[in-house]
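Analysis of the macromolecular model
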Amino acid sequence: MKKGISVVAVIALVILLIGGFFGLRYYQKFFGSNVAKEGYVLIPHSANFNSILDSITPYIKNRESFKAVALDKSMDRFFKAGRYRIKSGTSNTDLVNMIKAGNQTENTFRIGDFGDVYQMVGRVTKKTELDSLRFAKDLNKIAVKKGYSNAEDLKKYFFIDTYNFFWTVTPDEFFQKFEDQYNDFWTTERKAKEAQSGLTRDQIYALASIVYKESGGKPDEQKTIAGLYLNRYRKGMKLQSDPTVIYAINKETNFTTPIKRVLYKHLRHPSPYNTYANAGIPPGPICITDKSSVDAVLNPDRNNYIFMAADPDKFGFHRFTASDAEHAKNARDYQEWLNSKNIR
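Residues numbered from 1 in each chain as written. Predicted model: local features only at pLDDT ≥ 70, side-chain atom pairs only at ≥ 80, totals over all residues. Heavy atoms only, no water.

Scanning the chain from terminus to terminus reveals 14 helices and six strands. Relative to the globule expectation of 20 Å for 344 residues, the C-alpha radius of gyration of the chain, 31 Å, shows a markedly less compact shape. The principal-axis extent of the C-alpha atoms belonging to the chain is close to 120 × 45 × 40 Å. The burial tally for the chain puts 45% of its 344 residues in the buried class. Counted over contacts in the chain with a minimum sequence separation of 6, partners at least 24 positions apart contribute 63%. With the model as given, the accessible surface of the chain reaches about 18,500 Å², and the carbon-plus-sulfur share is 52%. Taking the 51 positively charged and 37 negatively charged side chains of the chain as two groups, their mean positions are separated by 6 Å. (Helix = DSSP H or I, 4+ residues; strand = E, 2+ residues; numbered from the N terminus. Rg over C-alpha atoms; globule rule 2.2 N^0.38 Å. Buried < 20%, exposed > 50% of the residue type's maximum accessible area, 1.4 Å probe, protein only. Contact = heavy atoms within 4.5 Å. Areas by Shrake-Rupley, 256 points an atom, 1.4 Å probe, with all protein chains shown as cover. Lys, Arg positive; Asp, Glu negative; His and termini not counted. Charge placed at Lys NZ, Arg CZ, Asp CG, Glu CD.)

In structure tokens form, the structure reads like this:
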């Protein structure tokens, strides 16, 4: 009797061990960590099951176990394009579910003071699935639908800041985010100040871009600079802003030959954006600007300044005056500083 019990116990133990072995293998296959290193996998819309396997293989320990789970969950037929973060400790099941559900990780984009929209597109598309040419063409179409000539006319919709987008973002989705932000920015209060300014919205953005460039993006002097340029504009004086000269020349060379110093020969450069050659506000912004610069134009300081020159004693700031003689001295001090630094 005892011998019979012993045999049954042994058989039960063997079954238990076999079940445990296969159970452990099953658990490890579906729920155990299979990540060898962390990183990001890009799955384009044109991907197939084999290309997904090839993309994810460098990040996992066991390709075959991942493949088996993926097939078991029909990932060979159902998956979504995207940029996926591979985290340490993640199982095959979680990896597959993430790709099937499209739970991708956003990319961070910094929209800076680009001279034109196409410059921005070239930088942004380094973090998107689409190439810059396709992205630009689609933005051109959006612009035409809105009654503009091309994507460059959309410049006022963009603000300098950091944004998050998915790698698979489309031009329509991309622009919609900025159009929504633009509409939110133009509150009833700002529209009232726009009406009081006597400027069109395009003039406001053009002047704001000059304020941004002249201030170096620092808000400290923006309202003072806005007040100065509005004084010049309302007196019928040329704005004579160096950044507009730089923009006019850079625009014609597709921003490939940056100017470090504005010379007298540059002041005669024929361009509607050159505020030394033309009176009034330029036909459009000379860069993508920020919200504080637009607000500075809507809320300028009430001052009598009509001249400004970079302050060599306080880098990044300016000396303001209403006096011709004082301005001549300030300008001379700055030119001497440039020469001392051998800036040409």
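By the secondary structure assignment, Ser197 is in helix α8 (residues 188–197). Engagement of the side chain of Ser197 in a polar contact is seen with the backbone oxygen of Glu194, the distance being 2.6 Å. Excluding anything up to four places from it in sequence, Ser197 contacts Ile204 and Arg234. (Polar contact = N/O pair within 3.5 Å; in protein donor to acceptor, adjacent residues only side chain to side chain.)

With that settled, consider the confidence of the model for the chain. A residue-level look at the chain finds 91% of positions with pLDDT of 70 or above and a mean pLDDT of 90. Throughout residues 19–24 the model reports pLDDT below 50, and contacts reaching past four residues in sequence, or to other chains, amount to zero contacts. (pLDDT = per-residue confidence, 0-100.)

Another aspect to go through is the pattern of salt bridges. One pass over the full model with this rule turns up 13 salt bridges. Of the charged contacts in the structure, one is a salt bridge between Glu152 and Lys155, with a shortest N-O distance of 2.7 Å. Accessibility expressed as a relative area gives 13% for Glu152, which makes it buried. Given a relative accessible area of 3%, Lys155 falls into the buried group. (Salt bridge = Lys/Arg side-chain N within 4 Å of Asp/Glu carboxyl O.)

What follows deals with helix α13 (residues 291–298). The set of residues buried in α13 consists of Ser293, Val294, Ala296, Val297 and Leu298. At its buried positions, α13 is contacted by α7 (171–185), α8, α9 (201–215) and α10 (222–234).

This part covers the packing of aromatic side chains. In this structure the tally under the stated criterion is 21 aromatic pairs. A centroid spacing of 6.2 Å and a plane angle of 35 degrees characterise the contact between Phe158 and Phe174, whose relative ring orientation is tilted. One end of the pair, Phe158, is in the loop between α6 (132–145) and β4 (161–165); the other, Phe174, is in helix α7, with 16 residues separating them in the sequence. For the residue pair Phe158 and Phe174, the accessibility class agrees, reading buried in each case. A cation sits over an aromatic face here: Lys37 above Tyr59, 5.4 Å from the ring centre. (Phe/Tyr/Trp six-rings, centres within 6.5 Å; stacked < 30°, edge-to-face > 60°. Lys NZ or Arg CZ within 6 Å of the ring centre and 35° of its normal.)

The next thing to look at is the nonpolar core. Counting residues in each nonpolar core, the largest one holds 57 residues, and the members touching the most others are Met120, Phe158, Phe174 and Val294. In terms of residue count, α9 provides more of this core than any other element does, eight residues in total. Contact partners of Val294, with chain neighbours within four places excluded, come to Phe159, Phe185, Trp186, Ile204, Tyr205, Ala208 and Thr289. By size, the runner-up hydrophobic cluster in this structure holds 20 residues, among which are Ile43, Ala47, Val69 and Val96. (Core = buried A, V, L, I, M, F, W, Y, C linked by side-chain atoms within 4.5 Å.)

α13 packs onto α10 with a crossing angle of 50 degrees between their chain directions and a minimal axis gap of 8 Å. Our classification of the angle between α10 and α13 gives oblique. Crossing angle aside, the handedness with which α10 passes α13 is right-handed. Residue-level contacts link Gln222, Lys223, Ala226 and Leu230 of α10 to Ser292, Ser293, Ala296 and Val297 of α13. For the contact of α10 with α13, the class distribution of residues is four nonpolar, three polar and one charged. (Axes fitted to C-alpha atoms, helices over the stretch in contact; angles between N-to-C directions. Parallel < 35°, antiparallel > 145°, perpendicular 65-115°, else oblique. Left-handed = near helix turned anticlockwise from the far one by under 90°. Nonpolar A, V, L, I, M, F, W, Y, C, P; charged D, E, K, R; others polar.)

Moving on: the environment of Pro243. Summarising the element assignment, Pro243 is placed in helix α11 (residues 242–252). For Pro243 and Val41, which are 202 residues apart along the polypeptide, the C-alpha to C-alpha distance reads 42 Å. Leave out the neighbours within four places in its chain, and Pro243 touches Lys213, Glu214 and Ile286.

This part covers the environment of Ile204. Checked against the element boundaries, Ile204 lands in helix α9. For Ile204, the contacting residues outside a window of four places in its chain are Trp186, Glu194, Ser197, Leu199, Val294, Val297 and Leu298.

Okay, unusual backbone geometry next. Positive phi values are uncommon outside glycine, yet Ser74 reaches one of about 60 degrees. Inspection of the secondary structure puts Ser74 in the loop between α3 (63–72) and β2 (82–86). Phi at Gln240 is positive, roughly 50 degrees, even though this residue is not glycine. Take Gln240: it is sitting in the loop between α10 and α11.

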